[in-house]
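Close look at the chain arrangement
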Amino acid sequence: MSSIIQVNNLFKTYKIYKKDPGFMGSLKALVKRRYEELHAVKDISFSIDPGELVGFIGPNGAGKTTTLKCLSGLLYPSSGKVSVLGFTPFERKSAFLKQISLVMGQKNQLWWDLPAIDTFLLNKEIYEIPPMQYKKTLDDLVNLLDVEEVINNQVRKLSLGQRMKCELIAALLHSPKILFLDEPTIGLDVVMQKKLRDFIKEYNYKYGSTIILTSHYMEDVRQLCRRVLVIDHGTLLFDGKLQDLIKEYTQYKLITVVFEKDIERKDISKFGEIKEFELPRAVLSVKREESNAITSRLLADFPIADLNIEEIGIEDIVRDIFIKKRR
Amino acid sequence: MRYWKIFLLNFQIVIIERAISFVWFLIALIPPFVLYLYWRGALASHGGNIAGWTLSTISTYYFMLVIASSCFMAHIEENVAREDIQQGGLTKFLVKPFSYYILKLFLETPWRILQGFYGVVVLLLFAFFFKNLFVIASDVKILALSIVIIILAFILSFTFKMIVGLSAFWLTDVGGFFQLVEAIILLCAGLLMPLSLLPDTIAKISYVLPFAYMIYFPIISLQGTQNVGQLMNIILVQLVWIAIMAYLYSLLWKKGVRKFTGIGQ
């Protein structure tokens with residue numbers, strides 16, 4: 001399958017003004033301004049196939065949104081080659097823009113003082129959507145997102161969740177081949193987050209659109225993306241399946257044990273690192289390859305009421321990756 | 001048809017915000033009215049004629065100025081600079097397969113139409129109560145050419161204000177620059193007084209600059225003080241300035257968008 005997105009050695013550098021602190025610093029800046037280069041994205045390469053749902057993970061300022069903006073044609077790369085659907089995004093050709101869509105959780109395209117349906121009509125004209133296709137897509141999306149009741153209400157009267165749903169509809173009316181989602185669930189409550197996640201998943205499945213997602217909520221990534229790209233300080237740290245990320249970056253598993261009788265801390269310290277010890281419950285971190293053997297020994301040596309083996313949480317893994325890389 | 005539909009959809013915003021639009025119109029009404037009172041006094045102390053301007057021509061000028069500054073003069077620069085460039089709103093326009101310039105034109109034009117409507121109402125009331133103080137061209141040809149000049153004046157001022165708005169790509173604080181532009185327009189477009197009353201050198205400079213073709217010339221055209229040849233000349237100069245502004249806009253847009261970072265994200 002040929003890639004729909006191809007990024008080779010992408011760099012994006014900003015020139016930022018630096019000022020020394022205090023009044024003297026301001027005077028100095030009057031004479032000579034000091035600029036520094038900020039490398040938002042450094043030598044990133046990857047490709048994405050049609051229909052993939054890919055998550056970008058990284059802390060604030062990591063370069064996720066910058067990469068997304070380069071892919072959607074908002075930013076001009078400092079160097080490197082970006083090809084999306086065979087187009088150079090920054091040229092922003094009409095044929096390219098008609099095949100993509102960008103939804104930003106912190107920005108809206110809906111007219112604030114008019115009902116969402118008016119923005120939908122505007123997009124129908126802007127994207128030159130044939131009337132039949134518009135009606136069918138709108139009906140589909142309205143049903144999927146369950147917003148039939150609210151699309152005729154003034155946008156300013158909608159809840160954040162309803163607004164985000166309408167934003168998604170506005171962005172999807174022209175049935176884009178690629179959908180860029182930048183923090184789509186930001187600020188939403190957990191119920192609405194789940195509803196949006198379910199929608200994104202279903203949309204990807206039903207329409208086969210390629211979806212690129214950035215999110216601070218690991219749950220979004222865990223639930224939606226088989227493949228993740230981990231970015232920090234503008235560098236791509238990992239590109240692969242979420243499960244491989246867990247395997248690659250965790251040599252440990254967590255064993256949670258609930259004992260039937262009290263035991264001494266030292267009795268179990270030989271099995272691994274004790275993460276928690278609050279009787280009757282204890283949590284041990286053990287090497288992956290030894291986890292089965294240790295479980296057997298624990299069951300044999302101690303009176304155990306309950307035992308659970310689990311992977312280290314994805315949030316912890318990602319946090320560990322970023323902390324290790326920064327050291 | 002597509003453009004017309006997009007225009008009508010944009011028009012709805014102005015219908016909703018008609019009250020605030022009326023407030024802006026009232027604000028625009030005050031300075032010309034104050035200036036009119038000043039000139040009324042000045043004319044009275046100079047035997048009713050200053051350099052060919054009489055009470056009726058000067059009152060018509062200032063009342064037309066109300067319409068001109070609210071109807072022909074675009075005020076899109078704040079929106080472009082602050083909402084779109086500085087707060088990152090431009091993002092939503094950049095990913096759309098439609099010209100940013102035209103979308104903004106469709107956003108601005110309804111405001112000018114509504115304000116122009118308020119202006120015409122005030123002007124008609126004024127003309128009804130003070131018939132002897134109101135002088136307007138009666139020749140159909142002159143009126144038709146004046147309407148062309150008004151439309152071109154709006155396109156010129158719109159393109160110029162779009163350029164002023166694009167300055168936000170380079171300037172962190174656009175406020176000072178906007179004030180400077182407003183001061184120049186105030187003097188050179190004839191917002192303070194008819195340009196023919198300015199000192200000779202300033203008047204000559206103003207006739208060359210584009211600002212007079214946004215306000216002053218459309219007004220004196222409507223007043224019927226220009227013949228067909230002069231009106232054609234105004235149209236020609238307007239077209240030249242529109243071409244220059246369009247080129248400048250396109251140049252700055254291309255350069256500016258490269259600098260755009262979508263701040264606020």
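Residues numbered from 1 in each chain as written. Chains lettered and ligands numbered in written order. Predicted model: local features only at pLDDT ≥ 70, side-chain atom pairs only at ≥ 80, totals over all residues. Heavy atoms only, no water.

All right, on to the domain arrangement of chain A then. For chain A, the assigned domains read domain 1 (50–247) and domain 2 (251–311). On a C-alpha basis, the centres of domain 1 of chain A and domain 2 of chain A stand 43 Å from each other. (Domains from an automatic or database assignment.)

Ranked by size, the top nonpolar core spans 182 residues in total, and within it Ile5 and Phe120 of chain A carry the most contacts. Top element by residues in this core is helix α7 (residues 140–166) of chain B. It accounts for 14 residues. In contact with Ile5 of chain A, not counting residues within four places along its chain, are Phe46, Ser47, Ile48, Leu71, Ser83, Val84, Ile178, Phe180 and Ile212 of chain A. Phe259, Ile268, Ile294 and Ile304 of chain A belong to the second largest nonpolar core, which has 14 residues in total. (Core = buried A, V, L, I, M, F, W, Y, C linked by side-chain atoms within 4.5 Å. Buried < 20%, exposed > 50% of the residue type's maximum accessible area, 1.4 Å probe, protein only. Helix = DSSP H or I, 4+ residues; strand = E, 2+ residues; numbered from the N terminus. Contact = heavy atoms within 4.5 Å.)

All right, on to the pattern of salt bridges then. All names here are of chain A. Evaluation of the coordinates by the stated rule reveals 25 salt bridges over all chains. Residues Arg34 and Glu36 are paired through a salt bridge, measuring 3.4 Å at the closest nitrogen-oxygen approach. Accessibility expressed as a relative area gives 34% for Glu36, which makes it partly exposed. Linking Glu52 and Arg227 is a salt bridge whose minimum nitrogen-to-oxygen distance equals 2.9 Å. Separated by 175 residues along the polypeptide, Glu52 in the loop between β2 (34–48) and β3 (53–57) and Arg227 in strand β8 (residues 227–232) bring together distant segments of the chain. Its relative accessible area of 13% is what places Arg227 among the buried residues. One continuous salt-bridge network, built from bridges that share partners, spans Asp20, Lys28, Arg34 and Glu36. (Salt bridge = Lys/Arg side-chain N within 4 Å of Asp/Glu carboxyl O.)

So, about the interface of chain B and chain A. Contacts between the two partners involve 27 residues from chain B and, on the opposite side, 30 residues from chain A. When chain B packs against chain A, close to 2700 Å² is buried across both sides, 62% of that on carbon and sulfur atoms. Along the contact surface separating chain B from chain A lie two salt bridges. With its nearest N and O atoms 3.8 Å apart, the salt bridge here joins Glu128 of chain A to Arg2 of chain B. The tally of links between chain B and chain A comes to six residue pairs in polar contact (both at pLDDT 80 or more). (Buried area = accessible area lost by both parts, 1.4 Å probe. Polar contact = N/O pair within 3.5 Å; in protein donor to acceptor, adjacent residues only side chain to side chain.)

Our next topic: empty space enclosed by the protein. Counted by the stated rule, this structure contains one cavity of 30 Å³ or more. Its volume calculated, the largest cavity comes out at about 190 Å³. What lines the largest cavity is a set of 18 residues, among which Leu102, Val103 and Gln109 of chain A together with Lys92 and Val95 of chain B lie closest to the centre. Secondary structure elements with two or more residues in the lining of the largest cavity: β5 (100–104) and α6 (160–172) of chain A together with α5 (90–94) of chain B. In terms of residues, the lining of the largest cavity owes the most to one element, β5 of chain A, which gives five residues. Looking at the lining of the largest cavity residue by residue, the classes come out as eight nonpolar, six polar and four charged. (1 Å grid on protein atoms, 1.4 Å probe; cavity = no way out; pocket = protein on both sides within 12 Å on 5 of 7 lines; lining within 4 Å. Points joined across faces, edges and corners; volume = space filled by probe spheres on them. Nonpolar A, V, L, I, M, F, W, Y, C, P; charged D, E, K, R; others polar.)

All names here are of chain A. With respect to topology, six strands assemble into an open sheet ordered β5-β6-β7-β3-β8-β9, the strand pairing being mixed. Where the open sheet ends on each side, the last strands, each with one partner, are β5 and β9 (235–241). Averaged over all neighbouring strand pairs, the angle between strand axes comes to 15 degrees, with direction disregarded. The sheet contact formed by β3 and strand β7 (residues 210–214) spans four bridges and is parallel. Bridge pairing links Leu53 to Ile211 in β7. Relative to the sheet, helix α2 (residues 64–72) contacts β3, β5, β6 (178–182), β7 and β8, its axis offset from that of β6 by approximately 150 degrees. (Pairing = 2+ DSSP bridges. Axes fitted to C-alpha atoms, helices over the stretch in contact; angles between N-to-C directions.)

Glancing now at the packing of helix α6 (residues 100–129) of chain B against α7 of chain B. Residue and element names in this part refer to chain B. Where α6 contacts α7, the two axes come as close as 11 Å, and the packing angle between them is 125 degrees. Classed by the angle they form, the pair α6 and α7 counts as oblique. Pair α6 / α7 crosses with right-handed handedness. Contact residues: α6 offers Tyr100, Tyr101, Lys104, Leu105, Glu108, Thr109 and Arg112, while α7 offers Phe154, Ile155, Phe158, Thr159 and Met162. (Parallel < 35°, antiparallel > 145°, perpendicular 65-115°, else oblique. Left-handed = near helix turned anticlockwise from the far one by under 90°.)

Here we take up the packing of aromatic side chains. This structure, assessed with the given rule, holds 37 aromatic pairs over all chains. By the ring-pair criterion, three or more aromatic residues cluster together here, those being Phe93, Tyr100, Tyr101, Phe154, Phe158, Phe169, Trp170, Tyr249, Trp253 and Phe260 of chain B. For Lys124 of chain A, the ring lying beneath its charged end belongs to Tyr134 of chain A, and the centroid distance is 5.9 Å. Above the ring of Tyr76 of chain A, the side-chain terminus of Arg258 of chain B is found at 3.6 Å from the ring centroid. (Phe/Tyr/Trp six-rings, centres within 6.5 Å; stacked < 30°, edge-to-face > 60°. Lys NZ or Arg CZ within 6 Å of the ring centre and 35° of its normal.)

This part is about the pairing of strand β1 (residues 5–18) of chain A. All names here are of chain A. Here β1 pairs with strand β4 (residues 79–84) via five bridges, running antiparallel. In the strand pairing of β4, Asn8 is matched with Lys81. By the bridge criterion, eleven bridges tie β1 to β2 in an arrangement that is antiparallel. Of the residues in β2, the one forming a bridge with Ile16 is Glu36.

Right, let's get into the sheet that holds strand β13 (residues 304–311) of chain A. Residue and element names in this part refer to chain A. Read across the sheet, four strands follow the order β11-β12-β10-β13 without closing on themselves; strand pairing throughout is antiparallel. If you trace the sheet from one side to the other, it starts and ends with β11 (273–278) and β13, each paired once. The mean angle between the axes of side-by-side strands here comes to 15 degrees, regardless of whether they run parallel or antiparallel. Here β11 runs beside strand β12 (residues 281–287); their pairing, made up of five bridges, is antiparallel. Residue pairing across strands places Ile274 opposite Leu284, the latter belonging to β12.

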